[in-house]
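Inside the fold
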Amino acid sequence: MDALRADFDALVTAALGSARAEQRRSDAAAQRATAVGVAGLIASVVLIGAYSHYLARAVVAPVRRLAGATRQLADGDLQARVPERGAGEIGVLQRGFNTMAATLSRQRSELAASRSRIVASADQARRRIERDLHDGIQQRLVSLVLEVRAIQATSPPDRPELAEPLDRLADALGEAVDELREISRGIHPAILSEAGLGPALKALARRSPVPVELDVEVPGRLPEPVEVAAYYVVSEALTNTAKHARASVATVRARLEDGRLRLRVRDDGAGGATASGSGSGLLGLADRVEALGGTVRVDSPPGQGTTLDADLPVTGG
Ligand SMILES: Nc1ncnc2c1ncn2[C@@H]1O[C@H](COP(=O)(O)OP(=O)(O)OP(=O)(O)O)[C@@H](O)[C@H]1O
Ligand SMILES: [Mg+2]
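Residues numbered from 1 in each chain as written. Chains lettered and ligands numbered in written order. Predicted model: local features only at pLDDT ≥ 70, side-chain atom pairs only at ≥ 80, totals over all residues. Heavy atoms only, no water.

Within an unreviewed UniProt entry, the label attached to the protein chain reads Oxygen sensor histidine kinase NreB, and the organism entered is Nonomuraea composti. Quoted verbatim from the Cofactor (unreviewed entry) field of UniProt, the annotation for the protein chain is "[4Fe-4S] cluster". UniProt's Catalytic activity (unreviewed entry) comment on the protein chain is quoted here verbatim: "ATP + protein L-histidine = ADP + protein N-phospho-L-histidine." (UniProt positions renumbered as here; feature names shortened; annotations may be inferred.)

**Comments concerning the overall build of the protein chain**
Across its full length, the protein chain carries seven helices and five strands. Mapped in sequence order, the helices and strands of the protein chain form the string α-α-α-α-α-β-α-β-β-α-β-β. Relative to its length of 317 residues, the protein chain is extended, with a C-alpha radius of gyration of 44 Å against a globular reference of 20 Å. Taking all 317 residues of the protein chain together, the buried fraction comes to 28%. Partitioning the intrachain contacts of the protein chain with sequence separation of at least 6 by distance along the chain shows that 66% fall at a separation of at least 24. Accessible area for the protein chain stands at about 19900 Å²; split by element, carbon and sulfur atoms hold 58% of it. (Helix = DSSP H or I, 4+ residues; strand = E, 2+ residues; numbered from the N terminus. Rg over C-alpha atoms; globule rule 2.2 N^0.38 Å. Buried < 20%, exposed > 50% of the residue type's maximum accessible area, 1.4 Å probe, protein only. Contact = heavy atoms within 4.5 Å. Areas by Shrake-Rupley, 256 points an atom, 1.4 Å probe, with all protein chains shown as cover.)

**Comments concerning the sheet that holds strand S3 (residues 260–267)**
A sheet is described by the order of its strands in space; here five strands give the open sequence S1-S2-S3-S5-S4, paired in mixed fashion. At either end of the open sheet lies a strand with only one pairing partner, and these are strand S1 (212–217) and strand S4 (295–299). Each strand axis lies, on average, 10° off the axis of its neighbour in the sheet, ignoring direction. Looking at chain direction, S4 and strand S5 (residues 306–313) are connected through five bridges and run antiparallel. Bridge pairing in S5 places Val298 opposite Leu308. Set on the sheet, helix H5 (residues 197–207) makes contact with S1, strand S2 (250–257) and S3; between it and S1 the angle comes to about 175°. (Pairing = 2+ DSSP bridges. Axes fitted to C-alpha atoms, helices over the stretch in contact; angles between N-to-C directions.)

**What about the packing of helix H2 (residues 88–154) against helix H3 (residues 160–187)?**
Helix-helix packing: each pair is described by the crossing angle between the helix axes and the interaxial distance. Contact geometry for H2 and H3: axes closest at 9 Å, N-to-C directions at 165°. With respect to each other, H2 and H3 are oriented roughly antiparallel. As H2 packs across H3, the resulting crossing turns out to be left-handed. Broken down by class, the residue content of the contact of H2 with H3 amounts to 18 nonpolar, five polar and six charged. (Parallel < 35°, antiparallel > 145°, perpendicular 65-115°, else oblique. Left-handed = near helix turned anticlockwise from the far one by under 90°. Nonpolar A, V, L, I, M, F, W, Y, C, P; charged D, E, K, R; others polar.)

**Thoughts on the coordination of the magnesium ion (ligand 2)**
Taken together, Glu236 (OE) and Asn240 (OD1) make up the full set of protein donors to the magnesium ion (ligand 2), lying 2.0 to 2.1 Å away. Here Glu236 and its partner Asn240 are both found in helix H6 (residues 224–245), four residues apart, which amounts to about one turn of the helix. (Donors = N, O, S within 2.8 Å, 3.2 Å for Na, K, Ca; no water.)

**Observations regarding the nonpolar core**
Counting residues in each nonpolar core, the largest one holds 31 residues, and the members touching the most others are Leu197, Val234, Leu238, Leu261, Leu263 and Leu312. Going through the elements one at a time, H5, H6, S2, S3, helix H7 (281–291) and S5 are the ones with two or more residues in this core. Ranked by residues supplied to this core, first place goes to H6 with ten residues. If we ignore the near neighbours within four places in the chain, the residues touching Leu197 are Leu192, Leu222, Glu227, Ala230, Tyr231 and Leu261. (Core = buried A, V, L, I, M, F, W, Y, C linked by side-chain atoms within 4.5 Å.)

**Concerning the packing of aromatic side chains**
Given two aromatic rings, their pairing is described by the distance between the two centres and the angle made by the two planes. Tallied over the entire structure, the rule returns two aromatic pairs. Ring centres of Tyr231 and Tyr232 lie 5.5 Å apart, and the angle between their planes is 85°; on these two criteria the pair is classed as edge-to-face. Residue Tyr231 is classed as buried on the basis of its relative accessible area of 4%. Using a relative accessible area of 11% as the deciding quantity, one classes Tyr232 as buried. (Phe/Tyr/Trp six-rings, centres within 6.5 Å; stacked < 30°, edge-to-face > 60°.)

**What to know about the packing of helix H1 (residues 2–74) against H2**
Contact geometry for H1 and H2: axes closest at 10 Å, N-to-C directions at 15°. Here H1 is positioned roughly parallel relative to H2, judged by the angle of their axes. Viewed along their axes, H1 and H2 form a crossing whose handedness is left-handed. Residues Ala58, Val59, Pro62, Val63, Leu66, Ala69, Thr70 and Leu73 of H1 touch H2, and the partners they reach there are Ile90, Leu93, Gln94, Phe97, Met100, Ala101 and Leu104.

**Notes on the environment of Ala69**
By the secondary structure assignment, Ala69 is in helix H1. Residue classification places Ala69 among the buried positions, given a relative accessible area of 2%. Put simply, Ala69 and Gln79 are ten residues apart on the chain and 9.3 Å apart in space, counted from C-alpha to C-alpha.

**A word on the UniProt feature "domain: HAMP" (unreviewed entry) in the protein chain**
When the UniProt feature table is mapped onto this chain, "domain: HAMP" (unreviewed entry) is found at residues 57–109. Taken end to end, residues 57–109 has its terminal C-alpha atoms 35 Å apart, with 75% of it in helix and 0% in strand.

**Description of the pairing of S5**
Burial analysis of S5 places eight of its eight residues in the buried class, which makes it a mostly covered element. Burial along S5 is two-sided: the residues Thr306, Leu308, Ala310 and Leu312 and Thr307, Asp309, Asp311 and Pro313 are all buried. The pairing of S3 with S5 spans eight bridges and is antiparallel. Within S5, the residue paired with Arg260 across the bridge is Pro313.

Structure follows, in structure tokens:
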């Protein structure tokens with residue numbers, strides 16, 4: 001019996017030993033599996049993080065930059081560009097954007113240059129016509145007036161019937177000279193070339209049917225295209241005031257500030273001016289001023305008068 005018990009104990013001890021060994025093996029296997037799982041998880045997190053970082057650097061940031069540059073471009077800043085470092089389609093987009101912006105910028109410069117050539121050549125033609133009228137037909141008419149007056153002075157006193165027609169002829173010729181002068185002034189104001197902007201604006205103010213308060217502080221002479229543009233701005237604004245505004249007074253202000261000629265023509269009339277109507281005066285002004293790189297703004301709320309602001313860069317001259 002004792003021998004049997006001893007055998008049984010030995011058997012139990014052996015079974016327990018092998019069960020413990022088995023337990024240790026399976027614990028070790030479970031630990032290994034957990035370690036592999038954790039390592040796999042960490043690797044996945046790292047991979048996802050790295051991929052997100054790559055996406056942010058390679059796609060999101062360049063697309064954001066492109067969106068910002070597109071907004072700049074839409075706001076009129078044609079110098080907007082993006083770095084061309086992107087790969088694949090992003091790079092194609094970046095290069096495409098830069099090419100488009102460069103083309104727009106070049107075309108805008110060409111357009112500005114051609115506008116200013118058109119304005120300059122029209123001004124030149126007007127000046128030539130004014131000179132031709134002044135030196136040609138105007139001088140001829142003036143000498144005819146003098147000739148008629150001379151004939152009048154020497155006509156025999158016994159022919160009184162000649163005196164009146166000669167008088168009428170001299171007056172009519174004199175009126176024709178005045179009309180021609182007026183036309184010449186509209187084509188190109190000689191006073192502008194001869195005396196500069198200040199005196200030319202004074203002449204405009206004197207001719208205006210609406211009283212004009214002048215406040216002009218522009219020392220010396222400015223480049224000719226700027227003087228001509230400024231003259232036509234004030235001339236058109238005062239003509240509009242007389243034609244449309246039913247104003248009691250107009251003010252003209254001109255200042256040279258920070259290398260720019262700033263003009264303001266204001267009236268206290270009906271308001272409601274707009275450059276998109278049937279007339280071409282305000283549109284023509286914008287063309288002329290923008291051709292020189294300047295800006296024109298018309299503020300004309302109904303019933304509150306009209307303010308026209310023009311700002312011209314003064315370069316060259
Ligand atoms: N100072 C102003 N006060 C009130 N309305 C104005 C004034 N200036 C312009 N307007 C209005 O704006 C419109 C456009 O002016 P714009 O100078 O372009 O044309 P216009 O004077 O009618 O014709 P154009 O100048 O070609 O002889 C005018 O028809 C007029 O209705
Ligand atoms: Mg007009």
